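Observations on the three-dimensional arrangement
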Amino acid sequence: MRPTLVRASEMPGPKVYNLWWGDAGVQKQKGIVQYAVSPQSQRAAHNLIRNYIFNGYRRLASHLPYWVVPFAIGYGTYTWAKKQDAYQNSKAAHVAGHGAH
């Protein structure tokens, strides 16, 4: 057997800790800890709607001043500007500002 074939094979050599998948002759791995959650406690959607109603309302209510106040100021400015523009382009504003044409 040529030494290049052993080097090119997929099997690891004798100095490797875990020799091969499923090999019964290997030592038990050290320092590997596995954690699991039982299927009874994996209830992802348990009380999803009820929790959203109460917690979601609390979270939305806490952010209310941060978006309602700027929206109200912007909407008030927009309605004032539309009314002012309509007045400026009306006949009454032309008569009041420039006299008779």
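Throughout what follows, the structure given in this document is the object of discussion. This one's a predicted model, so the numbers in the text were calculated from it and none came from an experiment.

For the protein chain, the helix and strand inventory stands at 3 helices and 0 strands. Taken over 101 residues, the protein chain has a buried fraction of 2%. A total of about 10,200 Å² of accessible surface is found on the protein chain, and carbon and sulfur atoms cover 63% of it.

Taken as a whole, this structure holds 1 aromatic pair when the rule is applied. Centre to centre, the rings of phenylalanine 71 and tyrosine 75 are 6.3 Å apart; their planes meet at 15°, and the pair counts as stacked. On the criterion of helical spacing, the pair formed by phenylalanine 71 and tyrosine 75 is a turn pair, its members being 4 residues apart in helix α2 (residues 48-88). Owing to a relative accessible area of 56%, phenylalanine 71 belongs among the exposed residues under this scheme.

About the cut-offs
Residues numbered from 1 in each chain as written. Predicted model: local features only at pLDDT ≥ 70, side-chain atom pairs only at ≥ 80, totals over all residues. Heavy atoms only, no water. Helix = DSSP H or I, 4+ residues; strand = E, 2+ residues; numbered from the N terminus. Buried < 20%, exposed > 50% of the residue type's maximum accessible area, 1.4 Å probe, protein only. Areas by Shrake-Rupley, 256 points an atom, 1.4 Å probe, with all protein chains shown as cover. Phe/Tyr/Trp six-rings, centres within 6.5 Å; stacked < 30°, edge-to-face > 60°.

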